[in-house]
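# A look at the structure
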Amino acid sequence: MSDIEQLKKQIEEQGGVVRELKAAKAEKAQLDEQVALLLALKKKLQIASSGNGEAEAPKKKSGGDAFVLKVPKGTKDYTPKEMSVRTEIFRTIVSVFEKHGAVTIDTPVFELKEILVGKYGEDSKLIYDLKDQGGEECSLRYDLTVPFARYVALNKLDNIKRYHLAKVYRRDQPAITKGRMREFYQCDYDIAGSYDAMIPDAECVRVAVDVLRQLDVGKFVIKLNHRKVLDAIFEVSGVPADKVRAISSAVDKLDKASWAEVRREMTEEKGLDAAAADRIGEYVQISGSGEDVLEQLQALPELMASAKAQEGVRDMGLFFKYARIYGILDYVSFDMSLARGLDYYTGVIYEAVLVEENVRPATAEAQQPPVAATKKSRKKGKEDEVDESQVRVGSIAAGGRYDQLVGMFSSAMHAKGKRTDVPCVGISFGVERIFSLVMARREEQEIKANRTQVYVISLGDSAENSLVEERMRVAAELWDAGIAAEFAYKLAPRTQKQFDACDLAIIPWAVIIGKDEIDQGMVKIKNMSQKDEQEKGGVAVSRSNMISELRRRLKMN
């Protein structure tokens, strides 16, 4: 790639950064900084393009080549306050997983390319392929489910209940403010093993409800469907076997586009007969409470003549029975439009969405669906860029049953193609989308980035009479007692600056020492959240009782 071509690419990427910040209504200083970088790049291109492109790019004062310092498209850095919130989210999710008895594993961030190929339907184009550097073609993992199935097959496991928190990668069009990234975390919970019908499946949905309730993401609904019911619908509607997955992928867009748009895709782009599409439309627009939809399906003799439909309806009847026992019936709905475009699902499938987003567009002429996948939501003249103001958060958790994925890998391990299926079911949480919801409701100044409990403050320090060593002794005592503590790294810090640092870091308690306190063997303990006169100077306690008093106040006893 020539220097000019590289500059043009950098300008395009930087333009995307500026547009994302504008859509997110970022602070003026941050926006101005990125606009300045964009203008600098355009100036470099102008200089490089003059003289038939032979002119050198401007140099930095240090003599090195100038470049735009930024993160790659679809990724971001996280501030300490943001990481504090993310850590809370991870802890909450893990606590629920472990409450249900799951253990954790880890797998490589990249897999052999052949492991991932053919598992994701139309989304396979979003896989990041790596350059061959050692005789193996590899790709970055697209999700955690396929690596888990490979792990089960490779280790010849019969059963395991596992969770996994890790980054995955997709070459998607990012919408950072809505939590759609190219690099992002998934938190997966899966049950592998042969068990009686729908018992693990119902528990996975209970896990989803527990997590989303504890994270307080707002009102949500978990939409459910069954692959066998869906396949039966395609079968009785006259969909050719070789078009089933393509038509399934189109149906899965009904939460984003109108039926007219989906029908147009099925007939004009996928080549499906119009009559078959119309028959599908009669089925997939059925949704509602579990019992109501089951009754509607059972009243359709043409559909119920299918053995697949009978098995799927029977499974869903069991599911709703168990959901009632688990107390989650009010959180789920039976939605025939849910298809989940991934190729490996074989049974129940589910997807959690926010209630305010669970509204289908009525017609093709209705208000444009707020999703990045439609051409309407792309900015004018920028076919590859997404207007984030039109992007919904989308699903915040999804999953389902995949009984044959492990068997695909186990058969590849044997020369005779011996297949050992290990049925699996699981749920995956999209942390970035959940994070965007949680952060939108938090005031930044109220977020505590650290876990420090006590700040040690000294009074009357001077260059000739520094109390830094005494501050260090107090801090060491606190650390030895398991109390998180900090102090100023200055020989003679100003008193007010120490109090300001304590307030800025939202540290709840301060231990105050001065020459008089040291001579008397005392310290003062101050509640930093209270600004009344009684707490103004802190409460005096003996040095020997400092730890016990702090542990009492911190409720550590």
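Residues numbered from 1 in each chain as written. Predicted model: local features only at pLDDT ≥ 70, side-chain atom pairs only at ≥ 80, totals over all residues. Heavy atoms only, no water.

## Quick look at the environment of Gly 538
Looking at the element boundaries, Gly 538 is found in the loop between β15 (522-527) and β16 (539-542). Spatially, the C-alpha atom of Gly 538 lies 8.3 Å from that of Val 511, the residues being 27 residues apart in sequence. (Helix = DSSP H or I, 4+ residues; strand = E, 2+ residues; numbered from the N terminus.)

## Some details on the confidence of the model for the protein
On average, residues of the protein carry a pLDDT of 85, and 87% of them reach 70 or more. Ranking the elements of the protein by mean pLDDT puts helix α2 (residues 28-49) last, at 79, and strand β1 (residues 103-104) first, at 98. Of the regions scoring below 50 in pLDDT, residues 359-392 engages in 76 contacts with residues more than four places distant in sequence or in other chains. (pLDDT = per-residue confidence, 0-100. Contact = heavy atoms within 4.5 Å.)

## Focus: empty space enclosed by the protein
In the structure shown here, the tally under the stated rule is three cavities of 30 Å³ or more. Space inside the second largest cavity adds up to approximately 50 Å³. Along its surface, the second largest cavity is lined by Thr 75, Lys 76, Tyr 78, Arg 86, Lys 167, Met 181, Glu 183, Phe 184, Tyr 185 and Glu 432. The dominant element in the lining of the second largest cavity, judged by the number of residues it contributes, is strand β5 (residues 183-192), at three residues. (1 Å grid on protein atoms, 1.4 Å probe; cavity = no way out; pocket = protein on both sides within 12 Å on 5 of 7 lines; lining within 4 Å. Points joined across faces, edges and corners; volume = space filled by probe spheres on them.)

## A short note on a negative patch on the surface
A grouping of Glu 114, Asp 132, Glu 136 and Glu 137 is seen on the molecular surface, where their side chains present a negatively charged patch. A relative accessible area of 48% means that Glu 136 is categorised as partly exposed. (Patch = residues over 30% accessible without salt bridge, like charges linked within 9 Å, V, L, I, M, F, W, Y side chains within 5 Å. Areas by Shrake-Rupley, 256 points an atom, 1.4 Å probe, with all protein chains shown as cover. Salt bridge = Lys/Arg side-chain N within 4 Å of Asp/Glu carboxyl O. Lys, Arg positive; Asp, Glu negative; His and termini not counted. Charge placed at Lys NZ, Arg CZ, Asp CG, Glu CD. Buried < 20%, exposed > 50% of the residue type's maximum accessible area, 1.4 Å probe, protein only.)

## So, the packing of helix α7 (residues 227-237) against helix α8 (residues 244-251)
Helix packing for two helices is described by the angle between their axes and how far apart those axes are. Contact geometry of α7 with α8 gives a least axis separation of 11 Å together with a crossing angle of 110°. As judged from the angle between their axes, α7 and α8 are roughly perpendicular. Contacts between α7 and α8 pair Arg 227, Leu 230, Asp 231 and Phe 234 from the former with Val 244, Arg 245, Ile 247, Ser 248 and Val 251 from the latter. Split by residue class, the contact of α7 with α8 holds five nonpolar, one polar and three charged. (Axes fitted to C-alpha atoms, helices over the stretch in contact; angles between N-to-C directions. Parallel < 35°, antiparallel > 145°, perpendicular 65-115°, else oblique. Nonpolar A, V, L, I, M, F, W, Y, C, P; charged D, E, K, R; others polar.)

## Remarks on the packing of aromatic side chains
Scanning all chains against the criterion turns up 13 aromatic pairs. Its guanidinium or amino end placed over the ring of Phe 435, Arg 86 lies 5.2 Å from that ring's centre, counting from NZ or CZ. Above the ring of Phe 148, the side-chain terminus of Arg 162 is found at 4.2 Å from the ring centroid. (Phe/Tyr/Trp six-rings, centres within 6.5 Å; stacked < 30°, edge-to-face > 60°. Lys NZ or Arg CZ within 6 Å of the ring centre and 35° of its normal.)

## Here we look at α8
Extensive coverage of α8 is indicated by the burial of six of its eight residues. Inspection of α8 places Val 244, Ile 247, Ser 248, Ser 249, Ala 250 and Val 251 among the buried residues, and these make up the whole buried set.

## A few points about unusual backbone geometry
Backbone geometry at Asp 216 places phi at a positive 55°, although glycine is not the residue there. Position of Asp 216 relative to the elements: it lies in the loop between α6 (199-215) and β6 (220-226). Even without being a glycine, Lys 555 presents a positive backbone phi close to 55°.

## Some points on the pattern of salt bridges
Side chains carrying opposite charge are able to pair once their charged atoms draw close together. Under the counting rule described, the total for this entry stands at 32 salt bridges. A salt bridge links Glu 432 to Arg 86; the shortest N-O distance between them is 2.6 Å. Here Glu 432, found in helix α15 (residues 431-440), pairs with Arg 86, found in helix α3 (residues 80-99); they are 346 residues apart in sequence, far enough to count as distant. The same class applies to Glu 432 as to Arg 86, namely buried.

## Some details on the packing of α3 against α6
The contact between α3 and α6 brings their axes to 10 Å, and the two run at 150°. Here the hand of the crossing between α3 and α6 comes out right-handed. Contacts between α3 and α6 involve Ile 89, Thr 92, Ile 93, Ser 95, Val 96, Phe 97 and Lys 99 from the former and Val 207, Asp 210, Val 211, Gln 214 and Leu 215 from the latter. A breakdown of the residues in the contact of α3 with α6 according to their chemical character gives seven nonpolar, three polar and two charged. (Left-handed = near helix turned anticlockwise from the far one by under 90°.)

## Observations regarding the side chain of Thr 346
On the secondary structure map, Thr 346 appears in the loop between β8 (332-335) and β9 (348-354). For Thr 346, a relative accessible area of 17% corresponds to the buried category. Contacts of Thr 346, omitting those with residues within four sequence positions, involve His 226, Arg 227, Lys 228, Arg 401, Tyr 402, Asp 403 and Gln 404.

## A few points about the pairing of strand β14 (residues 509-513)
Taking burial as the measure, the five residues of β14 include five buried ones, the bulk of the element. The alternating pattern of β14 places Trp 509, Val 511 and Ile 513 and Ala 510 and Ile 512 on opposite faces, both of which are buried. With five bridges connecting them, strand β12 (residues 454-458) and β14 associate as parallel partners. From the neighbouring strand, Val 454 faces β14, where its bridge partner is Trp 509. Sheet analysis places β14 next to β15, joined by four bridges and oriented antiparallel. When the sheet's bridge partners are listed, Val 511 is paired in β15 with Ile 525. (Pairing = 2+ DSSP bridges.)

## Some details on the nonpolar core
With 81 residues, the main nonpolar core has Phe 97, Met 266, Ile 280 and Phe 429 as its most contacted residues. For this core, the element with the highest residue contribution is α6, accounting for nine residues. Setting aside residues no more than four positions away along its own chain, Phe 97 makes contact with Ala 102, Tyr 163, Leu 165, Cys 187, Asp 188, Tyr 189, Val 207, Val 211 and Phe 429. In this structure, Leu 126, Tyr 142, Phe 148 and Phe 409 belong to the second largest nonpolar core, which totals 24 residues. (Core = buried A, V, L, I, M, F, W, Y, C linked by side-chain atoms within 4.5 Å.)

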